Amino acid sequence: MTSFKDKLDKELGEAPRFSQQLQERILQNVYQQDKQPRKWQYPTIIIGAVVTILFLIVIGPWKQVDTAKHASIVELAQHEVKQFTIAQNWEEDSFKAGRTGWILVQQTYKKDSETKLIANALQKAVISKKDNDYYAFRDVWVEFDNGQVVQLKVFLNNEQLAFSDRHTNIFYKVEDGDTASSFIALMRKDEKDISFGEMLTFLIIALFLRWLLEKAIRKKFSIPKEPKYINTGHQSTIYIANFIQGAALILFNINGWFIYTAAIFGFFVISMLSYIMIEYYYGREEKRHYVSIGSFTLLVPLIIVLIIYFL
């Protein structure tokens, strides 16, 4: 090192190459950079965001009701029904109906004729004993004008209508045949069965639009497609993000959380924002994050269209 410096000094001379003021500015900048905190780690942020969404989903889509003060169906039936939603569910140990706009594949009812029908069904209900002939049919979430909410698991036995209050586990039968028949007809009305073909068509259209948009963005801003990763750090971060999102996807499917609009929207938004930040951090010189931003701007309206279609 010393011999190299001596040769360099002979070539360039021993006079300082930088002024004293410039040397002080360089040293000051180096000192400030050393004092700055390390760059925040993208995987940590991704984990925190996913955990936050999971926590919000676990809280539940309906208003919290204190079961110790929860009124009986007989008492609540004296109040007017503000709105209610009905969701298909043949499982007795789960509940899939919720607040308007929160749950996918459910029907929402707010008209007077509809709210009066369910109010009449509640008024005609009497406490009974459940037998094995009843099977789970629908989930009904009801909000009353006094702000209280009930979750009803609806059962059928031929044309006999019954339900249980999930907060009190009390079983009721609707003794009025006409009322029961009218409410059963309402529950069977306008059922939305999304076929595999419809979902596949939607997916193909979404992927095709994304391919066109990506191709246009890469051509417009001369963004190279290869190499796929800038360096090993970029590759490792992408792998970690993919692993976390894959694990979250499996967890959502196991628990059936994708019926929640917030879960769907939150999952995809967090995923896309993560990729935008990663691509910006590692490839901003080549404007690689423009591709992720373009995909995000396309994904958001597609998700909104999908949610509206299911609702």
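Report on the accompanying structure. All chains use their own residue numbering, which begins from 1 and follows the written sequence. With pLDDT at 70 or above as the cut-off, local features in this predicted model cover only qualifying residues; side-chain atom pairs require 80 or more to be listed or tallied, and sums for whole chains, interfaces and linings still use all residues. By convention in this description, side-chain values take in all heavy atoms of the structure and omit both hydrogens and water.

1. Details of the packing of helix H8 (residues 232-255) against helix H9 (residues 261-283)
Defined as follows: Angles run from 0 to 180 degrees between N-to-C directions of axes, and those axes are lines fitted to C-alpha atoms, restricted for helices to the stretch in contact. In this text, helices come from DSSP runs of H or I with a minimum length of four residues, and strands from runs of E with a minimum of two, each type numbered from the N-terminal end. Here is the rule for angles: anything less than 35 degrees is roughly parallel, anything more than 145 is roughly antiparallel, 65 through 115 is roughly perpendicular, and the remaining ranges are oblique. Residue contacts are defined here by distance: any two heavy atoms, one from each residue, within 4.5 Å place the two residues in contact. Under the convention adopted here, Pro, Cys and the residues Ala, Val, Leu, Ile, Met, Phe, Trp and Tyr are nonpolar, Asp, Glu, Lys and Arg are charged, and Gly plus all remaining residues are polar.
Axis separation between H8 and H9 bottoms out at 10 Å; the angle between their running directions is 175°. When the axis of H8 is compared with that of H9, the two are roughly antiparallel. On the side of H8, the interface is formed by Gly233, His234, Thr237, Ile238, Ala241, Asn242, Gln245, Ala248, Leu249 and Phe252, while H9 contributes Ala263, Phe267, Ser271, Ser274, Tyr275, Ile278, Glu279 and Tyr282. Among the residues forming the contact of H8 with H9, the class breakdown is 10 nonpolar, seven polar and one charged.

2. Quick word on the pairing of strand E1 (residues 81-88)
Note the threshold: Exposure classes here rest on a 1.4 Å probe applied to the protein chains alone. A residue is buried below 20% of its type maximum, exposed above 50%, and partly exposed in between. DSSP calls a pair of strands paired once it identifies at least 2 bridges connecting them.
By the criterion of burial, E1 is predominantly enclosed, with six of the eight residues buried. Pairing analysis gives seven bridges linking E1 to strand E4 (residues 135-144), with the strands arranged antiparallel. The residue of E4 that forms the bridge with Ile86 is Val140.

3. Here's the deal with the sheet that holds strand E6 (residues 160-165)
With antiparallel pairing, the seven strands of this open sheet are ordered in space as E2-E1-E4-E5-E6-E7-E3. Edge strands, defined here as strands with exactly one partner in the open sheet, are strand E2 (106-109) and strand E3 (125-127). Each strand of the sheet is rotated relative to its neighbour by a mean of 30°, with strand direction disregarded. With three bridges connecting them, E6 and strand E7 (residues 171-174) associate as antiparallel partners. What sits directly across from Ala162, in E7, is Lys173. Of the strands in this sheet, E1, E2, E3, E4, strand E5 (149-157), E6 and E7 are in contact with helix H5 (residues 112-123), which crosses E1 at around 85°.

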